[in-house]
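Structural overview for review
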Amino acid sequence: MDFSATKIFRSLFGRDPLMVVRAPGRMNLLGEHTDYNGGWCLPAAIQHSVYLGLVPSAETSVWSIDQGNSWIPGQRKDRPSWAIYFEGAMAFLRERGMTWPAFRLAFGGDLPVGAGLSSSSAITCGLVSLLDHYASWEFSAEQCAALAVEAERRAGVAGGMMDQLCIFHACRDMAMLLDCTTVSYSYLPAVIPGHGWLIADTRVRHHLPDSDYNKRSLACREIFYRALELFPGIPSLSVLDEGQIQELYAILTPPHSEYARYVFEENARVLEMAGALGEGEALKAGTLLLAGHEGLRRQFGVSCPEADFLVNHARRSELALGARIMGAGFGGCTLHLINSRDMDAYSRGITNAFKNRFGWEPHVFEAVPSDGIQRVQ
Ligand code: GLA
């Protein structure tokens, strides 16, 4: 979608923005809820993005182009839900000693909000990047990503680092095989030749700061503390081997044991998926997606009926190789691996089936692995 950011900013500001940043959303091919466990994941940026532009101003204010509302720092009454990300990020940056001149900022785009496509991180990363340009801090992409990770935690999301690293470091056509213990990554082809990634958004929305996302993240922290009792000095849950993880299960409550098992198995699946992508093995990739969904649904408990319906549709359809719920869960999007020639037929079929079952249409589109954050003006 062509988002004519400058035109919209101009109508809002009455002049051209001084600078505009495009912060993309992300898909994740596999490796969900592994990042805050120091595990593996496989994100790629997508073409859908948030654009943030600013002009200098006597007083700071932030405007949502899509929602048609605004927020002034310090304003509590009628605070729009998106303001929490700006507020958290600015508070965090100030605590770190960073300063900047006042501005009027507007943001908007075609990235669905609360859909598991990382809209909150796109806002936070976009703000950090924009302020880096505006205040001439001249941080590296690594530094900006690290600041954005902390800034989003300050906004109340007990999250990992996958989204922010992907948004700052993604490359067109590539996925990032990301190791969240060592915070290192390598690139590999995001697309299997002859196939494409289709996203089907349930349109069921979550708001991470008050969803069960934080509960899962905190549960995993407790599990990690139990693991430390057995294996002092380990940097994360994800470094445990098969024997160690069996020992750990024995001292955990049944639900925590299931969470730990999920993380262990999901990490192994990501590495298999990286192999499948490298070798162009679509059937194997599809099987891994379905297994990942089962883990998220049964062991980790973060799916929802609408996403299960879409994944079951893929499981039964001859046109799909596999699918799974993607992102934090509790609604949002599902990711489907489809033979390129079947994209249109599959999109139509899944849209109709979902509409017949739930009464509304899912948002279905092909996800194109895209570049990371860019200054576009
Ligand atoms: C959200 C978080 C990420 C990650 C995913 C689940 O997108 O922001 O850090 O935990 O959920 O994989």
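Residues numbered from 1 in each chain as written. Predicted model: local features only at pLDDT ≥ 70, side-chain atom pairs only at ≥ 80, totals over all residues.

1. A look at the overall build of the chain
Just so we agree on the cut-off: Elements are defined by DSSP. Helices are runs of H or I of four residues or more, strands are runs of E of two residues or more, and each kind is numbered from the N terminus. Radius of gyration: C-alpha atoms only; globule rule: 2.2 Å multiplied by the number of residues to the exponent 0.38. Partly exposed residues are those falling between the two cut-offs: more than 12 but fewer than 20 other C-beta atoms within 10 Å of their own, whereas 20 or more means buried and 12 or fewer means exposed, with C-beta atoms placed from the backbone. Two residues form a contact once the distance between their C-beta atoms, set from the backbone, is within 7 Å.
The secondary structure content of the chain amounts to eleven helices and 13 strands. Since a compact globule built from 377 residues should have a radius of gyration of about 21 Å, the 21 Å found for the chain is in line with a globular shape. Once the C-alpha set of the chain is aligned to its principal axes, its extents read approximately 60 × 55 × 40 Å. Every one of the 377 residues in the chain was classed for burial, and the buried ones make up 50%. Taking the intrachain contacts of the chain between residues at least 6 apart in sequence as the baseline, contacts between residues at least 24 apart amount to 73%.

2. Some remarks on the sheet that holds strand 12 (residues 363-367)
Keep this limit in mind: For two strands to be treated as a pair, DSSP must find no fewer than two bridges joining them. Axis definition: a line fitted to C-alpha atoms, over the contacting stretch in the case of helices. Angles run 0 to 180 degrees between N-to-C directions.
Pairing within the open sheet is antiparallel, and its four strands lie in the order 10-11-9-12. Two strands bound the open sheet, and with one partner strand each, they are strand 10 (320-325) and strand 12. Pairs of neighbouring strands in the sheet enclose a mean axial angle of 20 degrees, with direction left out of account. Bridge count for strand 9 (residues 195-201) against strand 12 is five bridges, and the pairing is antiparallel. Its bridge partner being in strand 12, D201 is matched across the sheet by H363.

3. Thoughts on the site of the ligand
Cut-off, in case you're wondering: Nearness here is judged by the C-beta atom: place it from the backbone, and if it falls within 6 Å of a molecule or strand, the residue counts as near that partner. When residues are grouped by polarity, Ala, Val, Leu, Ile, Met, Phe, Trp, Tyr, Cys and Pro land in nonpolar, Asp, Glu, Lys and Arg in charged, and all others, Gly among them, in polar.
Inspection of the region around the ligand gives E32, H33, D35, Y36, S118, S121, G159, G160, M162, D163, G327 and A328 as its neighbouring residues. Split into classes, the residues belonging to the shell around the ligand amount to three nonpolar, six polar and three charged.

4. Quick word on helix 9 (residues 282-299)
For the record, the criterion: Here, expected helix span is obtained from the residue count minus one, scaled by 1.5 Å.
Taking 1.5 Å of rise per residue, the 18 residues of helix 9 would be expected to cover 26 Å, and the 25 Å separating its terminal C-alpha atoms lies within 8% of that figure. Along helix 9, the residues that are buried comprise A285, G286, L288, L289, G292, H293, G295 and L296. Buried residues in helix 9 make contact with helix 8 (254-279), helix 10 (305-316), strand 10 and strand 11 (333-339). Downstream of helix 9 by a residue or two, G301 has a phi angle that is positive, lying close to 65 degrees.

5. Details of the nonpolar core
We apply this condition: Only buried Ala, Val, Leu, Ile, Met, Phe, Trp, Tyr and Cys residues enter a nonpolar core, and they are joined through C-beta atoms within 7 Å. Segmentation of the chain into domains, including their bounds, is taken from an automatic or database domain assignment.
In this structure, A44, L52 and A89 are the most contacted members of the largest nonpolar core, which totals 119 residues. A domain split of this core shows at least three residues from each of domain 1 (5-189 + 371-375) and domain 2 (195-367). If we ignore the near neighbours within four places in the chain, the residues touching L52 are V20, V21, A23, L105, F107, G126, L127 and L130.

6. A closer look at the pairing of strand 4 (residues 61-64)
Pairing between strand 4 and strand 6 (residues 103-109): four bridges, direction parallel. Note on strand 6: the bridge partner recorded for S64 is F107. Examined bridge by bridge, strand 4 and strand 5 (residues 69-71) share three bridges and lie antiparallel to one another. Paired with V62 across the two strands is W71, which belongs to strand 5.

7. Section: the domain arrangement of the chain
Interfaces are often sized by the amount of accessible area the parts lose when they come together. Once the domains are mapped, the chain shows domain 1 (5-189 + 371-375) and domain 2 (195-367). Each of domain 1 and domain 2 was reduced to a C-alpha centroid, and the two centroids are 24 Å apart. With 35 residues of domain 1 at the interface, the matching set in domain 2 holds 41 residues. When contributions to the side of domain 1 that touches domain 2 are tallied by element, the ones reaching two or more residues are strand 1 (19-28), strand 2 (40-41), strand 7 (174-179) and strand 8 (184-189). Looking at side-chain class alone, the side of domain 1 that touches domain 2 contains 19 nonpolar, 15 polar and one charged residues.

8. A short note on the environment of G39
Mapped onto the secondary structure, G39 falls in the loop between strand 1 and strand 2. Spatially, the C-alpha atoms of G39 and T181 are 6.3 Å apart, while their sequence positions differ by 142 residues. Excluding residues within four positions of it along the chain, G39 makes contact with G31, T34, C180, S238, V263, E266 and N267.

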